[in-house]
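What follows is the residue order along each chain.
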Amino acid sequence: MMTDEHAERFTLLRPLLFTIVYEILGSTTESDDVLQDSYLRWAEVDLATVRDTKSYLARLVTRQALNALRASRRRREDYIGPWLPEPLLLDEHDASADMVLAESVSMAMLVLLETLTPDERAVFVLREVFGFNYDEIAAAVGKSVMTVRQVAHRAREHVQARRKRFEPVDAAQIAQITEQFMTAAATGDTQGLLALLAPDATWTADSGGKVIAARRPVVGAEQIAQYLMHLFHRASRTPNLRIEMVNCNNTPAITVYSDDHLEGIYLIEIIDGKITNFYAIRNPDKLLTAAVPRRISR
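Here goes a summary of the coordinates provided. (Residues numbered from 1 in each chain as written. Predicted model: local features only at pLDDT ≥ 70, side-chain atom pairs only at ≥ 80, totals over all residues. Heavy atoms only, no water.)

Observations regarding the nonpolar core
Rules: The definition of a nonpolar core used throughout is a set of buried Ala, Val, Leu, Ile, Met, Phe, Trp, Tyr and Cys residues joined through side-chain atoms within 4.5 Å. We call a residue buried when its accessible area falls under 20% of the maximum for its residue type, exposed when it is over 50%, and partly exposed in between, using a 1.4 Å probe and counting protein chains only. Only runs of H or I of at least four residues qualify as helices and only runs of E of at least two qualify as strands under DSSP, and these elements are numbered from the N terminus.
Ranked by internal contacts, the top residues of the largest apolar core, which has 52 residues, are Ile 20, Trp 42 and Leu 113. Only helix 1 (4–25), helix 2 (28–43), helix 3 (53–76), helix 5 (107–113), helix 6 (118–129), helix 7 (134–141) and helix 8 (145–162) provide two or more residues apiece to this core. It is helix 1 that provides the largest number of residues to this core, a total of 10 residues. In this structure, Ala 185, Trp 203, Ala 205 and Ala 280 belong to the second largest nonpolar core, which totals 28 residues.

A word on the pattern of salt bridges
Counted only if it meets this: Put simply, a salt bridge is a Lys or Arg side-chain nitrogen that is within 4 Å of an Asp or Glu carboxyl oxygen.
Inspection of every chain in the model, using the stated rule, returns 14 salt bridges. Here the residues in one salt-bridge network are Arg 70, Asp 119 and Lys 143, joined through shared partners.

Remarks on the packing of helix 1 against helix 2
This is how the line gets drawn: To get an axis, a line is fitted to the C-alpha atoms, and for a helix only the part in contact is used. The angle between two axes follows their N-to-C directions and goes from 0 to 180 degrees. Should the near helix be turned anticlockwise from the far one by less than a right angle, the crossing is left-handed, and should it be turned clockwise, the crossing is right-handed. In this analysis, two residues are considered to be in contact whenever any of their non-hydrogen atoms come within 4.5 Å of each other. Polar here means any residue outside two lists: the nonpolar Ala, Val, Leu, Ile, Met, Phe, Trp, Tyr, Cys and Pro, and the charged Asp, Glu, Lys and Arg; Gly therefore counts as polar.
Running from amino to carboxyl end, helix 1 crosses helix 2 at an angle of 145 degrees, the nearest separation of the two axes being 9 Å. In this structure, helix 1 meets helix 2 at a crossing whose hand is right-handed. In this structure, helix 1 uses His 6, Ala 7, Arg 9, Phe 10, Arg 14, Leu 17, Phe 18, Val 21, Tyr 22 and Leu 25 to contact helix 2, whose residues at the interface are Thr 28, Glu 30, Ser 31, Asp 32, Val 34, Leu 35, Ser 38, Tyr 39, Trp 42 and Ala 43. Class assignment of the residues belonging to the contact of helix 1 with helix 2 gives a composition of 12 nonpolar, 4 polar and 4 charged.

Points about the pairing of strand 1 (residues 197–206)
Just so we agree on the cut-off: The criterion for strand pairing is that DSSP finds at least two bridges linking the strands in question.
Across the 10 residues of strand 1, 8 count as buried, placing the element largely inside the fold. Across 6 bridges, the pairing between strand 1 and strand 6 (residues 274–281) is parallel. The residue bridging Thr 204 from the neighbouring strand is Tyr 279, located in strand 6. Two elements, strand 1 and strand 2 (residues 218–219), share 2 bridges in a ladder whose sense is antiparallel. The residue of strand 2 that forms the bridge with Thr 202 is Val 219.

Examining the sheet that holds strand 3 (residues 241–248)
Strand order in this open sheet of 6 strands is 2-1-6-5-4-3, and the pairing throughout is mixed. Each having just a single partner strand, strand 2 and strand 3 make up the two edges of the open sheet. Judged from the 7 bridges that link them, strand 5 (residues 261–271) and strand 6 form a sheet pairing that is antiparallel. From the neighbouring strand, Ile 265 faces strand 6, where its bridge partner is Ile 281. Across the face of the sheet, helix 9 (residues 171–187) comes into contact with strand 3, strand 4 (251–258), strand 5 and strand 6 while running at roughly 125 degrees to strand 5. Sitting on the sheet, helix 11 (residues 221–237) touches strand 1, strand 2, strand 3, strand 4, strand 5 and strand 6, and the angle it makes with strand 1 is about 60 degrees.

Here it is, written out as C-alpha cells:
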C-alpha cells in the first residue's frame with residue numbers, strides 16, 4: 001500500500017526521473033505515462049529493502065522507458081514525414097547554468113539520440129548525463145557490466161562523431177539574436193532575417209501527416225526566410241492568431257496560437273552566432289501537453 005514515505009521519496013526525485021525518461025523517449029506524454037506506471041509499481045515496494053532510493057527509482061523508470069521506447073519505435077515505422085521529439089516547455093531557466101543538462105535536453109541532442117538503439121540510448125543517458133555507475137546501469141538495462149561498458153563506449157563514439165563542434169552561445173547573445181530575429185520577422189525585414197540565418201539553415205517539420213507541413217527538411221536561408229515572412233504576415237492579418245516566445249528544450253521557441261488553440265511550436269537552434277535549424281512541431285498529438293511547464297533535474 002502507498003505510504004506517505006513512498007509518495008515523498010518519489011515526489012522529491014520526480015524532476016530527475018522525468019528527465020531520465022524524457023531523454024530516453026523524447027516524448028513528454030509517454031514520459032508521464034511511464035512515471036505513472038512506475039509510481040504504482042513503487043507503491044508495492046517494501047522500503048526496508050531499498051538501500052538507495054535514487055538508484056532504485058532510476059532503475060525502475062529506465063526499464064519502463066525502454067519497454068515504451070521499443071513499442072513506439074515499431075509504431076514510428078509508419079510515421080508520415082520526419083519524426084521529432086515532443087517539445088519540452090521549461091518553467092525555469094536553471095538548466096541553462098548546467099551545460100550538460102542544457103545540451104542533453106536540446107532538440108539537436110534528442111534528434112541525435114534517435115539514431116542510437118534503445119539500449120545505447122538508455123546507457124548513454126544514464127552514464128553521460130546522470131553519472132550513474134556501470135553496476136547501476138547494468139541493473140537498469142538488464143545487461144552485464146562488461147556489456148554495458150561496451151555499449152557505453154559505442155554510444156559515446158557515435159554521439160561524439162555526430163555532435164556539432166561549437167562554442168556554447170551565452171544567454172546574452174541568444175537573447176540578442178532572438179530579439180533581432182523577432183524584430184526582422186515581425187517587420188518584414190527580409191534582409192535582416194537573412195543576415196541572422198546560416199546559408200545552409202534547415203527547417204524540419206513534424207506533422208505526422210495530420211496538418212499541412214513540408215514532409216522533407218527544407219534547406220536554405222532564402223526558402224526559410226520566405227516561410228517565416230508568410231507566418232508572421234499571416235499572424236499580423238489574423239486577429240485571433242498570436243505569436244509568443246517561450247523557452248523549450250533550453251532554447252528560444254516560437255509558439256503560434258489560434259485563440260487558445262496551440263497550432264505549432266518552432267524551436268530555434270543557434271550555432272556560432274547564426275540560426276542553423278528550425279524544428280517545427282505541428283502534429284496536434286505532440287502539442288496536447290506542450291503548454292504544460294516541466295521541471296527537469298539531474
